[in-house]
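# Fold and contact review
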Amino acid sequence: MNSPTSPLGRLYGVGVGPGDPELMTLKAARLIRAAPVIAYFCKQGQRGHGRTIIEGFLADGVIEEKLAYPMTTEVSAADPVYHSALGGFYDESARRLADHLDAGRDVVVVSEGDPFFYGSFMPIFHRLAPSYETEVVAGVSGMAGCWTRARTPITYGDDILTVLPATLDEAALRRHLELADAAVIMKLGRHFSKVRAVLEELNLAERTVYVERGTMAGEKIMKLPPANFTGAPYFAMLLVPGQGRRL
């Protein structure tokens, strides 16, 4: 944590892993236990997965900054309304955390998975790192948690791994998957049927594994569900293992 002589607090972006608290790094656990201020992201009216992961690690008297998104999947990310609302949200969140830093309090921002891999910490980092001492702590990614829980080795030999958000349009998904040796398709949610159709078209469906809430409570692991499957949440992903050189 910050030096007693430092006038400003220090910002930490801390990856807390895919869901199972035991997959948190020792460094992450140490920083969370020592933090005077903990910040975490969540949906409106919900606690958030990050806050659930760190339950039991917080010190008595810690200040909690709950950063609740104004919207998540209700509006398309391509909609200008989405960009305006989320940009304003991150501006205000950064101002709230800067108040603590200016008062000399260190701030730990909890990031599910890894902070720099599709992490919500990144907009905070870009806004505050130029002005405050900042440290980023790597975390076990959600996809790593999923493929280990699914007992699905993802790359062999010289396989190249392609990571795709399911939010891409059908043509983009097809283009990237055609070139992929192995693939992880994240942020599944309501995009399942679109993604499944592309996998079928490219003859990848048979080797695809579905993982929902990997390493978390309520985890589900199965072969690719049928086309009429409608239950995929945001925290679901598809794994397409490579078929490269095996020894």
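A short tour of the structure in this document, coming up. Starting afresh in each chain, residues are numbered from 1 along the sequence in its written order. pLDDT decides what is reported in this predicted model: residues at 70 or higher carry local features, side-chain atom pairs at 80 or more are listed and counted, and totals for whole chains, interfaces and linings draw on all residues regardless. To obtain the side-chain values, all non-hydrogen atoms of the structure were used and water was disregarded.

Before going further, it helps to examine the pattern of salt bridges. Any Lys or Arg side-chain nitrogen located within 4 Å of an Asp or Glu carboxyl oxygen qualifies as a salt bridge. Within the structure shown, the criterion is met by 15 salt bridges. In this structure, Arg-127 engages Asp-91 in a salt bridge whose closest nitrogen and oxygen atoms are separated by 2.8 Å. In this pair, Arg-127 is assigned in helix α4 (residues 121–128) and Asp-91 in helix α3 (residues 80–102), connecting sequence segments 36 residues apart. The buried label applies to any residue whose accessible area, calculated with a 1.4 Å probe on protein chains only, is under 20% of its type's maximum; exposed applies above 50%, and partly exposed to all values in between. Residue classification places Asp-91 among the partly exposed positions, given a relative accessible area of 35%. In this structure, Glu-219 and Arg-149 form a salt bridge, with 2.9 Å as the shortest nitrogen-oxygen distance. Remark: Arg-149 occurs in helix α5 (residues 142–149) and Glu-219 occurs in the loop between β8 (209–212) and β9 (220–223); sequence separation between them is 70 residues. Overall, the relative accessible area of 25% leaves Glu-219 in the partly exposed class. Elements are defined by DSSP. Helices are runs of H or I of four residues or more, strands are runs of E of two residues or more, and each kind is numbered from the N terminus.

Looking now at the environment of Ile-185. Along the chain, Ile-185 turns up in strand β7 (residues 182–186). Judged by its relative accessible area of 0%, Ile-185 falls in the buried class. On a C-alpha basis, the gap between Ile-185 and Val-195 in space is 8.5 Å, while along the polypeptide they are ten residues apart. Throughout, a contact is declared for two residues whenever any of their heavy atoms are within 4.5 Å. Excluding residues within four positions of it along the chain, Ile-185 makes contact with Leu-164, Ala-166, Leu-177, Val-195, Leu-199, Ala-236, Met-237 and Leu-238.

Looking at where Glu-212 falls in the secondary structure, it is placed in strand β8. Every residue in contact with Glu-212, bar those within four places of it in the chain, is listed here: Gly-218, Glu-219, Lys-220, Gly-231, Pro-233, Phe-235 and Ala-236.

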